[in-house]
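# Observations on the three-dimensional arrangement
This is what each chain is made of:
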Amino acid sequence: MTLIAQITDLHLRPSGLTCYRVSDTNMLAERAIKAILGLEDRPDAVIVTGDLTDRDDPREYAVARTILAKLPMPVFMIPGNHDTSAGMRRAFSDYPGISESTGEKLYYSADIGSLRLIALDSNVPGKPYGQVGETQLEWLSKTLAEDDRPALVAIHHPPANTGIPHMDGIGLMDSDALADVIRPHAHVERIICGHVHRPIVASFAGKIMTLAPSVAHQLVLDFKEDAQAMFNFEPSAFFLHKHTPKSGTVTHTAYVENHPGPFPFWSDEGVTWPGDKPE
Ligand SMILES: [Fe+2]
Ligand SMILES: [Fe+2]
């Protein structure tokens, strides 16, 4: 069994500052790490799918390093639109994947148990939307062709439309070209993304695309064409991707905060469940 925790959209701030005045993103990220460490089954690796920082500020990367250092397992990461590839490289040059990635953009493949992680960089400096670009697409095509082990493709910007117009406007610009590269490869199990701060499932290039909620604030669900981007405090959460050769990749949602329970499924005295044998 291979278990991977995916956390996304941390939007960390310099120590002591909140995000957008009310979201204590540093505290929520700390709690997310605590939740991962408290899991009964310890993940083999953690993948951070972008927007680690809110402003690409070196002080925010320093906070990220301190928080992520609490994780004993390998931590893989890719930039979001709030980060930059250069900022990520400066801050995390000793992290797996990044230490081996030599180009301007941060893309790499890595083995995690029975899965192969293909980490893509969709950051476009100074822009909220994403783009993979030709060089990276060529690398992806070659990388997918040379190994047919089950692969998770991680990218910050979701390549499929989400149906939330103001977010689709800042989605992945070259998603058709990405689909052409991915479609022929049966071993691509999943595309995993962030960016929208909501749990979303869609299909892309004949594969399942899952978009993880943020470990911090969430996006208000609004399908209107003229909707304004707003956030709220729906439950902060992260994904657990569990892979076994028999079941493939199955994705579970885990929550950052604690909730009441566990409680046993007790029935009233003298009442048996349908199908139970009378005593
Ligand atoms: Fe984000
Ligand atoms: Fe983003």
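Numbers given to residues run from 1 along each chain, matching the order in which its sequence is written. To label them, take the chains in the order written and letter them from A, then take the ligands in the order written and number them from 1. Where totals are concerned, whole chains, interfaces and linings use all residues; where local detail is concerned, this predicted model gives features only for residues with pLDDT of at least 70, and gives and counts side-chain atom pairs only at 80 or more. The basis for every side-chain value is the complete set of heavy atoms in the structure, and neither hydrogens nor water enter the calculation.

For the protein chain, an unreviewed UniProt entry supplies the name Phosphodiesterase and the organism Roseibium algae. The record in UniProt for the protein chain states the following under Sequence similarities (unreviewed entry): "Belongs to the cyclic nucleotide phosphodiesterase class-III family." UniProt positions are given in the numbering used here, feature names are shortened, and annotations may be inferred rather than shown by experiment.

### As for the coordination of the iron ion (ligand 2)
Where a metal carries four tetrahedral donors, each ideal angle is 109.5 degrees; where it carries six octahedral donors, the ideal angles are 90 or 180 degrees. In this analysis a donor is any N, O or S atom within 2.8 Å of a metal ion (3.2 Å for sodium, potassium and calcium), and since water is not included, sites may seem incomplete. The coordination sphere of the iron ion (ligand 2) contains the protein donors Asp51 (OD), Asn81 (OD1), His156 (NE2) and His195 (ND1), at a distance range of 2.1 to 2.3 Å. Positions of the donor residues of the iron ion (ligand 2) along the chain correspond to the pattern D-x29-N-x74-H-x38-H. A separation of 3.5 Å is found between the iron ion (ligand 2) and the iron ion (ligand 1), which are bridged by Asp51. Pair noted here: Asn81 is in the loop between β3 (75-78) and α3 (85-92) and His195 is in the loop between β7 (188-193) and β8 (200-204), with a separation of 114 residues, a long-range link. Whether a residue is buried, partly exposed or exposed follows from its accessible area with a 1.4 Å probe, protein chains only, as a fraction of its type maximum: under 20%, in between, or over 50%, in that order. Assessed through its relative accessible area of 16%, Asn81 is described here as buried. For His195, a relative accessible area of 5% corresponds to the buried category. Each helix is a run of DSSP H or I of at least 4 residues and each strand a run of E of at least 2, with the numbering of both proceeding from the N terminus.

### Overview of the sheet that holds strand β5 (residues 115-119)
Criterion used throughout: strands pair if DSSP finds at least two bridges between them. One open sheet holds the six strands; their spatial order is β4-β5-β6-β7-β9-β8, and the pairing between them is mixed. The outermost strands of the open sheet, each flanked by one partner alone, are β4 (108-112) and β8. Each strand axis lies, on average, 25 degrees off the axis of its neighbour in the sheet, ignoring direction. Across four bridges, the pairing between β5 and strand β6 (residues 151-154) is parallel. Residue Leu117 lies in a different strand from β6, and its bridge partner there is Leu152. Inter-axis angles, ranging from 0 to 180 degrees, are taken between N-to-C directions of lines fitted to C-alpha atoms, where helices are fitted over the stretch in contact.

### Observations concerning the coordination of the iron ion (ligand 1)
Donor atoms from the polypeptide that coordinate the iron ion (ligand 1) comprise Asp9 (OD), His11 (NE2), Asp51 (OD) and His197 (NE2), at 2.1 to 2.3 Å from the metal. Linear spacing of the donor residues for the iron ion (ligand 1) on their chain is D-x1-H-x39-D-x145-H.

### Description of the side chain of Ser122
Following the sequence through the fold, Ser122 ends up in the loop between β5 and α4 (134-145). In this description, contact between two residues means that some pair of their heavy atoms is separated by no more than 4.5 Å. Every residue in contact with Ser122, bar those within four places of it in the chain, is listed here: Lys105, Tyr129, Gly130, Gln131, Ile155, His156, His157 and Leu172.

### Quick word on the packing of helix α1 (residues 25-37) against helix α2 (residues 58-68)
Between α1 and α2, whose axes approach to 10 Å, the crossing angle comes to 20 degrees. As the angle between them shows, α1 and α2 are arranged roughly parallel. Where α1 crosses over α2, the two elements pack in a sense that is right-handed. Residue-level inspection shows Asn26, Ala29, Glu30 and Ile33 of α1 in contact with α2, the latter providing Val63, Ile67 and Leu68. For this scheme, ten residues count as nonpolar: Ala, Val, Leu, Ile, Met, Phe, Trp, Tyr, Cys and Pro. Four count as charged, namely Asp, Glu, Lys and Arg, and the remainder, Gly too, count as polar. Classifying every residue of the contact of α1 with α2 by side-chain character gives five nonpolar, one polar and one charged. Relative orientations are named as follows: roughly parallel for angles under 35 degrees, roughly antiparallel for angles over 145 degrees, roughly perpendicular for angles from 65 to 115 degrees, and oblique for any other angle. Helix crossings are classified by the rotation of the near helix relative to the far one: an anticlockwise turn of less than a right angle makes the crossing left-handed, while a clockwise turn makes it right-handed.

### Looking at the pairing of strand β12 (residues 237-244)
For β12, the tally of buried residues reaches seven of eight residues, placing the bulk of the element in the interior. Pairing of strand β1 (residues 2-7) with β12, which is carried by five bridges, proceeds in the antiparallel orientation. Within the sheet, the bridge partner assigned to Leu3 lies in β12 and is Lys242. Of the pairings in the sheet, the one linking β12 to strand β13 (residues 248-255) comprises eight bridges and is antiparallel in character. Note that in β13 the partner of Phe238 across the bridge is Ala254. Adjacent in sequence and paired antiparallel, β12 and β13 are bridged by three residues.

### Points about the UniProt feature "domain: Calcineurin-like phosphoesterase" (unreviewed entry) in the protein chain
UniProt records the feature "domain: Calcineurin-like phosphoesterase" (unreviewed entry) for residues 4-199 in the present numbering. Along residues 4-199, the helical share is 29% and the strand share 17%, with 17 Å between the first and last C-alpha atoms.

### Considering unusual backbone geometry
The peptide bond linking Gly261 to Pro262 adopts the cis configuration, its omega dihedral lying at 5 degrees. Phi angles above zero are rare outside glycine, and Arg21 is one such case at about 75 degrees. Note that Arg21 resides in the loop between β1 and α1. Phi angles above zero are rare outside glycine, and His197 is one such case at about 55 degrees. Within the secondary structure, His197 is located in the loop between β7 and β8. The exposure class assigned to His197 is buried, which follows from its relative accessible area of 7%.

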